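Residue-level listing of the chains:
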Amino acid sequence: ISSLSKLRYLALDYNYLSINTDALSRLTRLRSLKLQYNYEIISGIEPLQSLQLLRALDMSSTSGTGLQVDNVHVFESLVELRLDNAYVSGIFSKVLPHTLQVISVRGNRIEGTLPSLGPDLREADFGDNFMTGTIARQSAALRLRMLRVDCNFFMSMQLQASDHPRLRSLDASMNSDL
């Protein structure tokens, strides 16, 4: 596959493969990469950082990834990131990439607090993780329509209606003491 250098879209989902991300990093024109429901990701997510044109990455339900969420901020061109049930762990850096419009990391082992949400973010699903603390005011996230933080360990929420004029769905169920 790595010799197909003109590929812009690659979907290898539902194949139960072992995916070598070092090889995929040679596909420099790639804009969308779908790898969900595969066996494992070899070499981690880091080699994909070199894909400057990559806009959408989906590695949901891929076992054996061992991915660390700490590195998400280096994907400066991503618009959509889906890592649901992908055995992701770690703590988010304080700020997500400003280009993100959709992030979904449901059902992982992510700890720490909710990161700062960017101005273009429309959908965010951080549900079913081990995140704690306060859901801080997110004044930059003016386009946010959906926020899911259910099934975590958050203890308080400081969201303001004036900061989120487009917010239509908020799920904060099953947290500690909201």
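Residues numbered from 1 in each chain as written. Predicted model: local features only at pLDDT ≥ 70, side-chain atom pairs only at ≥ 80, totals over all residues. Heavy atoms only, no water.

**Q** What exactly am I supposed to notice about the overall build of the protein chain here?
**A** Looking only at helices and strands, one finds one helix and 14 strands in the protein chain. For the protein chain, the C-alpha radius of gyration of 16 Å lies close to 16 Å, the compact-globule estimate for 178 residues. Principal-axis analysis of the C-alpha atoms places the extent of the protein chain at approximately 50 × 25 × 25 Å. Looking at the protein chain as a whole, 44% of its 178 residues are labelled buried. A separation threshold of at least 6 residues defines the contact pool for the protein chain, and within that pool the share at least 24 residues apart is 25%. Surface exposure of the protein chain reaches about 8700 Å², of which carbon and sulfur atoms provide 49%. (Helix = DSSP H or I, 4+ residues; strand = E, 2+ residues; numbered from the N terminus. Rg over C-alpha atoms; globule rule 2.2 N^0.38 Å. Buried < 20%, exposed > 50% of the residue type's maximum accessible area, 1.4 Å probe, protein only. Contact = heavy atoms within 4.5 Å. Areas by Shrake-Rupley, 256 points an atom, 1.4 Å probe, with all protein chains shown as cover.)

**Q** Looking at this structure, I do not really get the pattern of salt bridges. What am I missing?
**A** Think of it this way: side chains of opposite charge can pair up when their charged atoms draw near. Per the counting criterion, the structure on display carries eight salt bridges. A salt bridge links D163 to R137; the shortest N-O distance between them is 2.5 Å. Here R137 lies in the loop between β11 (130-135) and β12 (146-148) and D163 lies in the loop between β13 (153-157) and β14 (169-171), a separation of 26 residues in the sequence. What you see here is one network of salt bridges that share partners, running through R106, D125, R148, D150 and D171. (Salt bridge = Lys/Arg side-chain N within 4 Å of Asp/Glu carboxyl O.)

**Q** Could you clarify how one ought to interpret the pairing of strand β9 (residues 109-112) in this entry?
**A** The side chains of a regular strand alternate between the sheet's two faces. Taking every second residue as pointing to the same face, the buried face of β9 carries I110 and G112, while none of R109 and E111 on the other face is buried. Both β9 and β11 contribute to a ladder of two bridges, which runs parallel. If you follow G112 over to β11, its bridge partner there is M131. (Pairing = 2+ DSSP bridges.)

**Q** Help me understand the packing of aromatic side chains in this model?
**A** Ring pairs (aromatic) are described by centroid distance and by the angle formed between their planes. The final tally for this structure, using the stated rule, is three aromatic pairs. Arranged with centres 5.6 Å apart and planes meeting at 85°, the rings of F92 and F126 form a pair that is edge-to-face. Highlighted residues: F92 in the loop between β7 (89-91) and β8 (102-104) and F126 in the loop between β10 (123-125) and β11, separated in sequence by 34 residues. In this pair, the class of F92 matches that of F126, namely buried. Their ring planes at 15° and their centres at 6.2 Å tell us that F130 and F153 sit as a pair that is stacked. Taken together, the residues F130 in strand β11 and F153 in strand β13 connect sequence positions 23 residues apart. (Phe/Tyr/Trp six-rings, centres within 6.5 Å; stacked < 30°, edge-to-face > 60°.)

**Q** For this particular structure, what's the right way to read the environment of K94?
**A** Position of K94 among the secondary structure elements: in the loop between β7 and β8. Each C-alpha atom, one on K94 and one on A136, is 12 Å from the other, the two residues being 42 residues apart in sequence. Excluding residues within four positions of it along the chain, K94 makes contact with P115 and S116.

**Q** Sorry if this is basic, but what is going on with the sheet that holds β7 here?
**A** Pairing between sheet strands relies on hydrogen bonds along the backbone, with the strands arranged either parallel or antiparallel. In spatial order, the strands read β7-β9-β11-β13; together these four strands make up an open sheet with parallel pairing. The open sheet has two free edges, formed respectively by β7 and β13, since each of these has just one partner strand. The sheet shows a mean angle of 20° between the axes of neighbouring strands, taken without regard to direction. Relative to β13, β11 runs parallel, the two being bridged by four bridges. (Axes fitted to C-alpha atoms, helices over the stretch in contact; angles between N-to-C directions.)

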